[in-house]
Amino acid sequence: MAEPFRLYSRAAEHKSLPSDPAVRRDVEHILEHGYVIIPDCFSKAEAKEARDEIQRLLGKDPQKGRNPFEGLNTNRIYSLLNKTRLFDKFAMLPRVLALNDYFLSPGYLMSAFHTISINPGEVPQGLHHDDGYVQIPRPRIPFGAAIMVGFDEFAEENGATRIIPGSHKWDSRRKPKQEETIPALVPEGGVVYFLSTLWHGGGANFSDRPRQSATVQYCQPYLRPIENQILAVDPRKLDDIPPRLVAMMGYRVLEPFIGYADGISPRKAVKRYARWLQRDVDYSPPTFAHEAHKSKL
């Protein structure tokens, strides 16, 4: 019997490669190495704006990581979609979405979206792959993809993400070693895109400045996201968020029925949830949600 990754590779070979030459090259590099570095995704002015916004949100005495994985000398700002509109565009970079369209199924979700500031003196993060919580033996298809966004230039001395090229093909028995890693040297304004099966981790920061970045993780539409975006973001802000991101948060029903709530759309359901919290508990709710919608709204 053929190995799962070889089956995946053969399936990928039969899938039409993107017609855009740049995206095609990116796909081919990812299939072989598990990652690709994409420069010039946004301007240096936008990178500075992002760095300034991180500093504004962090304030004077920011919280650091709660455990070694988060980074005891690292600042993370979770639930970005609830706190600022400035980072929205970094979750919708065209070259990144083009890769997602190839490697993920239609209706893929945002699994996590937060900034990562690796401060001077931080030690290497433990190596991991992002879909490690999926208990299916490797080698196998990836259940997601991610980007690390370079608001600063990623250099070996300032905590560049460490990756192991080709490790997306490894089986479950093979464990990574730090000496196998290389730094992902992302220029300011670029990203490194990698499959969720690629072994990687944040690097140590030997410089005298924080390394500012963000991560956006995407997952298959049938997988539970790492961060629950519906609970993390005030639903009253949905009209201010780009519709593409709202859909990736889980506010859509994937045909024919994945993601519904009591037979209605998540968008309607969250409004109903807000009304519930303002009233006494109804222990005899309407049998059909659409009847309540017609009679009470």
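Residues numbered from 1 in each chain as written. Predicted model: local features only at pLDDT ≥ 70, side-chain atom pairs only at ≥ 80, totals over all residues. Heavy atoms only, no water.

The name an unreviewed UniProt entry gives the chain is Phytanoyl-CoA dioxygenase, with Lithohypha guttulata as the organism. UniProt, in its Cofactor (unreviewed entry) section for the chain, records the words "Fe cation". (UniProt positions renumbered as here; feature names shortened; annotations may be inferred.)

J.: Help me understand empty space enclosed by the protein in this model?
T.: If a probe the size of a water molecule is rolled over the atoms, the empty space left behind becomes visible. Applying the stated rule across the entire model yields one cavity of 30 Å³ or more. Approximately 70 Å³ is the volume found for the largest cavity. In terms of lining, the largest cavity is formed by 13 residues, of which the most central are Asp130, Gly144, Ser196, Gln217 and Tyr218. Grouping the amino acids of the lining of the largest cavity by side-chain chemistry returns seven nonpolar, four polar and two charged. (1 Å grid on protein atoms, 1.4 Å probe; cavity = no way out; pocket = protein on both sides within 12 Å on 5 of 7 lines; lining within 4 Å. Points joined across faces, edges and corners; volume = space filled by probe spheres on them. Nonpolar A, V, L, I, M, F, W, Y, C, P; charged D, E, K, R; others polar.)

J.: How should the layout of surface pockets be read in this particular structure?
T.: Of the pockets and cavities examined, the largest pocket occupies roughly 660 Å³. The wall of the largest pocket is formed by 29 residues, among which Asn228, Gln229, Ile230, Leu231 and Val270 lie closest to the centre. Those elements that provide at least two residues to the lining of the largest pocket are helix H6 (229-232) and helix H8 (266-276). Among the elements that line the lining of the largest pocket, the one with the most residues is H8, at five residues. Residues of the lining of the largest pocket, tallied by class, amount to 16 nonpolar, five polar and eight charged. (Helix = DSSP H or I, 4+ residues; strand = E, 2+ residues; numbered from the N terminus.)

J.: Looking at this structure, I do not really get the confidence of the model for the chain. What am I missing?
T.: Reading predicted coordinates in detail is not appropriate for stretches of low pLDDT. In the predicted model, the chain carries a mean pLDDT of 92, and 93% of its residues have values of at least 70. This model gives residues 293-297 a pLDDT under 50, and the stretch forms four contacts once residues within four places in sequence are excluded. (pLDDT = per-residue confidence, 0-100. Contact = heavy atoms within 4.5 Å.)

J.: Any chance you could explain the sheet that holds strand S1 (residues 35-38) here in plain terms?
T.: Note: strands within a sheet are paired through backbone hydrogen bonds, in either parallel or antiparallel orientation. What the six strands build is an open sheet, ordered S1-S7-S4-S9-S3-S2; its pairing is antiparallel. Whereas interior strands pair on both sides, the edge strands pair on one side only; in this sheet they are S1 and strand S2 (74-77). The mean angle between the axes of side-by-side strands here comes to 20°, regardless of whether they run parallel or antiparallel. As defined by bridge partners, strand S3 (residues 109-118) adjoins strand S9 (residues 211-219) across nine bridges and the pair is classed as antiparallel. Each residue of the ladder has a partner; that of Thr115, found in S9, is Ala214. Of the strands in this sheet, S1 and strand S7 (191-195) are in contact with helix H2 (residues 21-33), which crosses S1 at around 140°. (Pairing = 2+ DSSP bridges. Axes fitted to C-alpha atoms, helices over the stretch in contact; angles between N-to-C directions.)

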